[in-house]
Amino acid sequence: MDVVRIGLSFRALRRRRRWTQQRLALEADLARSTIARIETGHADEATVRTLIRVATALGATVSVRVLWHGEGLDRLLDAAHADLTDRMLELLGDLGWQALPEVSFNNYGERGSIDILAFHEPTRSLLVIEIKSVVPDLQSMLETLDRKARVALAVARGRGWQATSVSRLLVLPDDRTARRRVDRHRMTFDTVLPARTAAVRRWLAAPIGRLAGILFLSDVRHAVTRHRVAAVADRARAGSYARRDTGRDQE
């Protein structure tokens, strides 16, 4: 984080509005001393929430980036995204959906790529899926998902899918970080994507009506492994009980 640049940026925006530090402090509901410390290169002493409040008061946004080993982090995030995509495609296939990953489109100047576009032929339901290995910038993500949903019917027709409804689904990893992030913006998510994992899974099995929701996707393969191990253990215990009962009968 370039604390000097942040301070200079806030100062420039404040002066552009012809505000004093006290006025900015009032608008951001902070102490004037906090504004002064940030503007003089001490943004690292402030919380991210504080920086966002100052930026919002100035009509700006704050973007925090994490850098690691050059492009190493990008490769790591890509791998996590690919893993979530594979698991989601497997789930859809098991439930009878036709699904395509990375469906690109260019409709009337709107360009992009849908992470997964899925079609349920019996109900003619179309599902636009956004995969995120980390919970992204909220506003940008929701705008992107809305844009993809708007063009989805036309994209589906180009692939021979005659859908009559479009649903939206955000897929996130089932971890504490993702759940905390969603909880932090609960009011927004409950309004825009109200359905959650249990309801989403029921809808995927029988897609009646439209869906707008979030699926926290756990590691399906690990879950299957745990189930198989538990099943083997149950059979072993059952065999042990049977032998024990047989021994008693012989006595």
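Provided above is the structure to which this section pertains.
Residues numbered from 1 in each chain as written. Predicted model: local features only at pLDDT ≥ 70, side-chain atom pairs only at ≥ 80, totals over all residues. Heavy atoms only, no water.

## Notes on the pattern of salt bridges
For the structure shown, the criterion picks out twelve salt bridges. With a closest N to O distance of 3.6 Å, Arg-53 and Asp-29 form a salt bridge. On the criterion of sequence distance, the pair formed by Arg-53 in helix α4 (residues 48–57) and Asp-29 in the loop between α2 (21–28) and α3 (32–39) is long-range, its members being 24 residues apart. Taking the relative accessible area as the measure of exposure, Asp-29 reaches 61% and is therefore exposed. A salt bridge links Asp-83 to Arg-87; the nearest nitrogen and oxygen atoms lie 2.6 Å apart. Of the two residues, Asp-83 and Arg-87 are both situated in helix α5 (residues 72–94); the distance of four residues between them amounts to about one turn of the helix. One salt-bridge network, in which partners are shared between bridges, spans Arg-11, Arg-14 and Glu-39. (Salt bridge = Lys/Arg side-chain N within 4 Å of Asp/Glu carboxyl O. Helix = DSSP H or I, 4+ residues; strand = E, 2+ residues; numbered from the N terminus. Buried < 20%, exposed > 50% of the residue type's maximum accessible area, 1.4 Å probe, protein only.)

## Here we look at the pairing of strand β5 (residues 212–217)
When you tally the buried positions in β5, you get six out of six residues, the bulk of the element. Of the two faces of β5, the one carrying Ala-212, Ile-214 and Phe-216 and the one carrying Gly-213, Leu-215 and Leu-217 are both buried. Of the strand pairs in this sheet, strand β4 (residues 165–173) and β5 are connected by six bridges, and their pairing is parallel. Residue Val-171 lies in a different strand from β5, and its bridge partner there is Leu-215. (Pairing = 2+ DSSP bridges.)

## What about the pairing of strand β3 (residues 125–131)?
Along β3, seven of the seven residues are buried, which leaves the element largely enclosed by surrounding structure. Side chains Ser-125, Leu-127, Ile-129 and Ile-131 project from β3 onto one buried face, and the interleaved Leu-126, Val-128 and Glu-130 project onto a second face that is buried too. Here strand β2 (residues 110–120) runs beside β3; their pairing, made up of five bridges, is antiparallel. The residue bridging His-120 from the neighbouring strand is Ser-125, located in β3.

## Observations regarding the sheet that holds β3
Strand pairing within a sheet occurs via backbone hydrogen bonds; the two strands may be parallel or antiparallel. Spatial strand order, β1-β2-β3-β4-β5: five strands in an open sheet with mixed pairing. One side of each edge strand has no neighbouring strand; the edge strands of this open sheet are β1 (98–107) and β5. Mean inter-strand twist for the sheet, computed between neighbouring axes without regard to direction, equals 35 degrees. As defined by bridge partners, β3 adjoins β4 across seven bridges and the pair is classed as parallel. For Glu-130, the partnering residue across the bridge sits in β4 and is Leu-170. Each of β4 and β5 touches helix α7 (residues 176–184); the most contacted strand, β5, lies at about 155 degrees to it. (Axes fitted to C-alpha atoms, helices over the stretch in contact; angles between N-to-C directions. Contact = heavy atoms within 4.5 Å.)

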